[in-house]
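# Examining the three-dimensional arrangement
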Amino acid sequence: MSIKNILIAHSGSAGFPSSVKHAAKIAAKHDAWLTCVYGNASSYFEHVLGLTEDLLDKLGSARNEKIAAARDLFQQAAAEAGLAERSRFIMPNEIGKMNLPELARNFDFVVTGYHSNLPTDEFRVVSPDMISLQSGRPVLVVPNGYSTDQLASHALVAWDGKRSAARALNDAMTILEEKLYRAVAN
C-alpha cells in the first residue's frame, strides 16, 4: 500500500514550518495529495477567561493572522514541491464540529510538529499521541528546525512485544514498506 493522501496538522508550535516542508517532500516523492488543517480555531483563553468583546475581537484578529500565515506557508511549500494542483488548506470553519482525529481517519498518514505547552503557542491542536490513538493513523512528528535535502532511506523500529507496538508497526507499514524492502534487498 502506498501513501496517497497526507494530512498536515497545524501544531500551534514553532515546529509547524518544518513539518510543512517535510510533508511536502514526502508527498512529492509518493505523488500524493497534501492537505493542511489549522485544527483549532479557538483559543485556550476564550474558554477559561471571561473576556470582554473588545478582547475577543483582538484575539480573533490575532488568530486570523496566524491562520493566514499558516496558509501562505503551506501554499508556498506545496508550490515549491510541485504540488499546487494536489494540495488544499482547510480553514477551521470548514471542518465544523469534526475534531482533528476524526478528520485524520480520512488520510493515510499525518504529519505534525511537536505539541507545545508554551503560552505563546496557545492556538494548539490535539497532541500527536492523541491524534494517533484516536485516529488509528500513523503520525510523524517533525522537530522544530528540522531540514533535510532528501528523505531518510532507513528506519529504526523499537519493539517491546506488546499489542500497542504491534498495532503501531502495522499502522506504519505503509511508510516502512519501502525501507524494509531496501534493507532486505541490500
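Residue positions are counted from 1 within each chain, in the order its sequence is given. In keeping with the predicted nature of the model, local features appear solely for residues at pLDDT of at least 70, side-chain atom pairs appear and are counted solely at 80 or more, and the whole-chain, interface and lining totals rest on all residues. In computing side-chain values, all of the structure's heavy atoms are included and hydrogens and water are not.

### Overview of the overall build of the chain
Counted only if it meets this: In this description a helix means any DSSP run of H or I spanning at least four residues, a strand means any run of E spanning at least two, and both kinds are numbered starting from the N terminus. Whether a residue is buried, partly exposed or exposed follows from its accessible area with a 1.4 Å probe, protein chains only, as a fraction of its type maximum: under 20%, in between, or over 50%, in that order. Residue-level accessible areas treat just the shown protein chains as cover; the underlying method is Shrake-Rupley with a 1.4 Å probe.
For the chain, the helix and strand inventory stands at seven helices and five strands. Reading the helices (α) and strands (β) of the chain from amino to carboxyl end gives β-α-β-α-α-β-α-α-β-α-β-α. Taken across its 186 residues, the chain has 39% of its residues classed as buried. Total accessible area on the chain stands at roughly 10700 Å², and carbon and sulfur atoms take up 54% of it.

### Considering the pattern of salt bridges
Cut-off, in case you're wondering: A pairing counts as a salt bridge when a side-chain nitrogen of Lys or Arg comes within 4 Å of a carboxyl oxygen of Asp or Glu.
Enumeration over the complete set of coordinates arrives at three salt bridges. Close ionic contact of Asp54 with Lys58 constitutes a salt bridge, the shortest N to O distance being 3.6 Å. Placement of the pair is Asp54 and Lys58 together in helix H3 (residues 53-80), with a separation of four residues, close to one helical turn. Owing to a relative accessible area of 53%, Lys58 belongs among the exposed residues under this scheme. The closest approach of N and O atoms between Arg88 and Glu94, which form a salt bridge, is 2.3 Å.

### Some details on the nonpolar core
Heads up, the rule is: We define the nonpolar core as a collection of buried residues of types Ala, Val, Leu, Ile, Met, Phe, Trp, Tyr and Cys that are connected through side-chain atoms lying within 4.5 Å of one another. The contact rule is simple, with two residues in contact once any of their heavy atoms fall within 4.5 Å.
Counting 24 residues, the largest nonpolar core has Ile6, Ile8, Phe16, Val20, Leu34, Phe74 and Phe89 as its most contacted members. Within the residue set of this core, elements represented by two or more residues are strand E1 (5-9), helix H1 (16-30), strand E2 (33-37), H3 and strand E4 (109-113). Each residue touching Val20, except ones within four places of it in the same chain, is listed here: Ile8, Leu73, Phe74 and Ala77. In this structure, Leu7, Val37, Ile95 and Ala104 belong to the second largest nonpolar core, which totals eleven residues.

### As for the sheet that holds E2
This is how the line gets drawn: Whether two strands pair depends on DSSP finding at least two bridges between them. All axes here are fitted lines through C-alpha atoms, helices being fitted over the stretch that makes contact, and every angle between N-to-C directions spans 0 to 180 degrees.
Read across the open sheet, the five strands follow the order E3-E2-E1-E4-E5; overall the sheet is parallel. Each end of this open sheet is capped by a strand with a single partner; those strands are strand E3 (87-90) and strand E5 (139-142). Each strand of the sheet is rotated relative to its neighbour by a mean of 20°, with strand direction disregarded. Where E2 and E3 come together, four bridges link them in parallel fashion. Its bridge partner lying in E3, Leu34 is registered against Ser87. Along the sheet face, H1 touches E1, E2, E4 and E5 and points at about 175° away from the line of E1. Here H3 sits on the sheet in contact with E1, E2 and E3, set at roughly 175° to E3.

### A closer look at the packing of H1 against H3
Our working definition: Any angle from 65 to 115 degrees is called roughly perpendicular, while one under 35 is roughly parallel, one over 145 is roughly antiparallel, and all others are oblique. Crossings are assigned a handedness: left-handed for a near helix turned anticlockwise from the far helix by less than a right angle, right-handed for a clockwise turn. Side-chain classes are defined by residue name, with Ala, Val, Leu, Ile, Met, Phe, Trp, Tyr, Cys and Pro counting as nonpolar, Asp, Glu, Lys and Arg as charged, and the others, Gly among them, as polar.
In contact at an axis separation of 9 Å, H1 and H3 are set at 25° when each is read in the N-to-C sense. As summarised for this structure, H1 and H3 are arranged roughly parallel, according to the angle between their axes. In the packing of H1 onto H3, the handedness of the crossing is right-handed. Listed contacts from H3 to Phe16, Pro17, Val20 and Ala24 of H1 are Ala70, Leu73, Phe74 and Ala77. Its residues assigned to classes, the contact of H1 with H3 comprises eight nonpolar, no polar and no charged.

None of the figures reported here should be taken as evidence of function without further support.
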